[in-house]
Amino acid sequence: MEVKREWLVRCTDNHDQPSVCSIAVSDGIVEVWDTNGHVIKLGGTEIDDFRTMFAEAAARAASDEGLCQTG
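So, how was this worked out
Residues numbered from 1 in each chain as written. Predicted model: local features only at pLDDT ≥ 70, side-chain atom pairs only at ≥ 80, totals over all residues. Heavy atoms only, no water. Pairing = 2+ DSSP bridges. Helix = DSSP H or I, 4+ residues; strand = E, 2+ residues; numbered from the N terminus. Patch = residues over 30% accessible without salt bridge, like charges linked within 9 Å, V, L, I, M, F, W, Y side chains within 5 Å. Areas by Shrake-Rupley, 256 points an atom, 1.4 Å probe, with all protein chains shown as cover. Salt bridge = Lys/Arg side-chain N within 4 Å of Asp/Glu carboxyl O. Buried < 20%, exposed > 50% of the residue type's maximum accessible area, 1.4 Å probe, protein only. Phe/Tyr/Trp six-rings, centres within 6.5 Å; stacked < 30°, edge-to-face > 60°. Polar contact = N/O pair within 3.5 Å; in protein donor to acceptor, adjacent residues only side chain to side chain.

Student: Could you give an account of the pairing of strand β2 (residues 18-26), naming the residues involved and the relevant values?
Tutor: Where β2 lies against strand β3 (residues 29-33), five bridges are found, and the strand directions are antiparallel. Across the sheet, the residue bridging to A24 is E31, located in β3. The turn joining β2 and β3, which pair antiparallel and follow one another in sequence, is formed by two residues; a positive phi near 55 degrees is taken by D27.

This is the structure:
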């Protein structure tokens, strides 16, 4: 029996409208779905690579935001 877990994350679509994406885990694969049904799947080392790059991108966005607020 497959165990699937899912998290819903509030986000903004490409029209700056509120949206929700779904992050699901099934059989060792992470799936990220948008509201249009598009999905990216990550497995194995792709998960660690995504985690590392997402953390770097989030830190950069926070840094950029700080620059915009002080400038």
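What follows continues from the structure just given.
Student: With reference to specific residues and values, describe a nonpolar patch on the surface.
Tutor: Judged by side-chain polarity, I40, F50 and F54 come together as a nonpolar surface patch covering roughly 300 Å² of accessible area. Tracing the backbone through its elements, the reader meets I40 in strand β4 (residues 39-42). Classification of I40 by relative accessible area gives partly exposed; the value is 41%.

Student: Please give an account of the packing of aromatic side chains that cites residues and values.
Tutor: Tallied over the entire structure, the rule returns one aromatic pair. Here the aromatic rings of F50 and F54 are separated by 5.9 Å at their centres, their planes lie at 20 degrees, and the arrangement is stacked. Residue F50 and its partner F54 are both found in helix α1 (residues 45-70); the two are separated by four residues, about one turn of the helix. The exposure class assigned to F50 is partly exposed, which follows from its relative accessible area of 37%.

Student: Please provide a residue-by-residue account of the side chain of E31, values included.
Tutor: With respect to the helices, strands and loops of the structure, E31 is situated in strand β3. In this structure the side chain of E31 is engaged in a polar contact, spanning 3.2 Å, whose partner is the side chain of W33.

So far we have only geometry, and geometry alone does not tell us how the molecule works.
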